[in-house]
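Examination of the molecular architecture
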Amino acid sequence: DAKTTQPPSMDCAEGRAANLPCNHSTISGNEYVYWYRQIHSQGPQYIIHGLKNNETNEMASLIITEDRKSSTLILPHATLRDTAVYYCIVTGGATNKLIFGTGTLLAVQP
Amino acid sequence: GAVVSQHPSWVICKSGTSVKIECRSLDFQATTMFWYRQFPKQSLMLMATSNEGSKATYEQGVEKDKFLINHASLTLSTLTVTSAHPEDSSFYICSAMDTQSYNEQFFGPGTRLTVL
């Protein structure tokens with residue numbers, strides 16, 4: 001079973017920041033938080049990952065709370081092409097398996 | 001970035017036939033690949049972990065005799081759906097783990113299988 005909880009859907013206006021929350025209250029000390037997204041009928045695309053520090057790359061920022069029980073993915077300036085299902089995944093250890101939950105369908109509105 | 005390809009991108013077959021799907025890492029070596037299936041409007045479900053040079057590890061409930069996995073080289077894993085039936089119709093996606101990039105997984109574009 002997935003170890004994360006995400007809202008099923010969110011809307012965001014084009015050009016505004018999209019903040020996608022994720023709860024992972026049972027995360028272990030050696031587990032990472034990964035974010036992927038899947039545009040309709042395509043393979044998932046890696047976005048970002050982190051352990052405990054906040055991370056930023058060219059696509060997004062990842063904010064992890066101090067207790068690591070939740071995180072937020074931030075798309076700073078959402079575009080229509082960011083409409084997708086966003087998956088927050090907790091993984092780590094020897095297997096590196098990604099167990100996908102139901103994700104959040106982000107709809108960017110013009 | 002790392003690229004993973006799948007072939008074919010879509011396939012239609014008759015019930016009872018077998019179908020082979022290829023997953024290739026194009027610019028990196030992958031000792032570990034993963035196979036997923038996805039039904040319409042559902043999330044990805046991990047089917048198995050494919051390890052180069054050894055037997056695949058299947059998730060609970062996945063029939064290993066029906067979904068044959070071979071990982072014969074560091075850049076190629078294949079999934080064969082044997083004696084396919086309409087209920088096997090699905091979107092099959094592979095991922096390859098790049099050990100040179102923090103074990104990051106890169107996904108293929110998926111293969112749409114339709115069994116008539």
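Residues numbered from 1 in each chain as written. Chains lettered and ligands numbered in written order. Predicted model: local features only at pLDDT ≥ 70, side-chain atom pairs only at ≥ 80, totals over all residues. Heavy atoms only, no water.

All names here are of chain B. Mapped onto the fold, lysine 66 is located in the loop between β6 (57-58) and β7 (67-73). According to the relative accessible area criterion, lysine 66 is buried, its value standing at 13%. Within the structure, the side chain of lysine 66 is placed 2.9 Å from the side chain of aspartate 88, a separation counted as a polar contact. When neighbours within four sequence positions are excluded, lysine 66 is seen to be in contact with Thr80, Val81, Thr82, Ser83, Ala84, His85 and Asp88. (Helix = DSSP H or I, 4+ residues; strand = E, 2+ residues; numbered from the N terminus. Buried < 20%, exposed > 50% of the residue type's maximum accessible area, 1.4 Å probe, protein only. Polar contact = N/O pair within 3.5 Å; in protein donor to acceptor, adjacent residues only side chain to side chain. Contact = heavy atoms within 4.5 Å.)

With 20 residues of chain B at the interface, the matching set in chain A holds 17 residues. The junction of chain B with chain A conceals about 1400 Å² of combined surface from both sides, 53% of it contributed by carbon and sulfur atoms. Taken together, the connections running from chain B to chain A amount to one salt bridge. Glutamate 59 of chain B is paired through a salt bridge with lysine 97 of chain A; the nearest N and O atoms lie 3.0 Å apart. Linking chain B with chain A are five residue pairs in polar contact (both at pLDDT 80 or more). (Buried area = accessible area lost by both parts, 1.4 Å probe. Salt bridge = Lys/Arg side-chain N within 4 Å of Asp/Glu carboxyl O.)

As a further point, take the sheet that holds strand β3 (residues 31-38) of chain A. Strand pairing within a sheet occurs via backbone hydrogen bonds; the two strands may be parallel or antiparallel. All names here are of chain A. Taken in spatial order, the five strands of this open sheet run β1-β9-β8-β3-β4, and their pairing is mixed. At either end of the open sheet lies a strand with only one pairing partner, and these are β1 (9-13) and β4 (45-50). Neighbour-to-neighbour, the strand axes of the sheet open up by a mean angle of 25°, direction not taken into account. (Pairing = 2+ DSSP bridges. Axes fitted to C-alpha atoms, helices over the stretch in contact; angles between N-to-C directions.)

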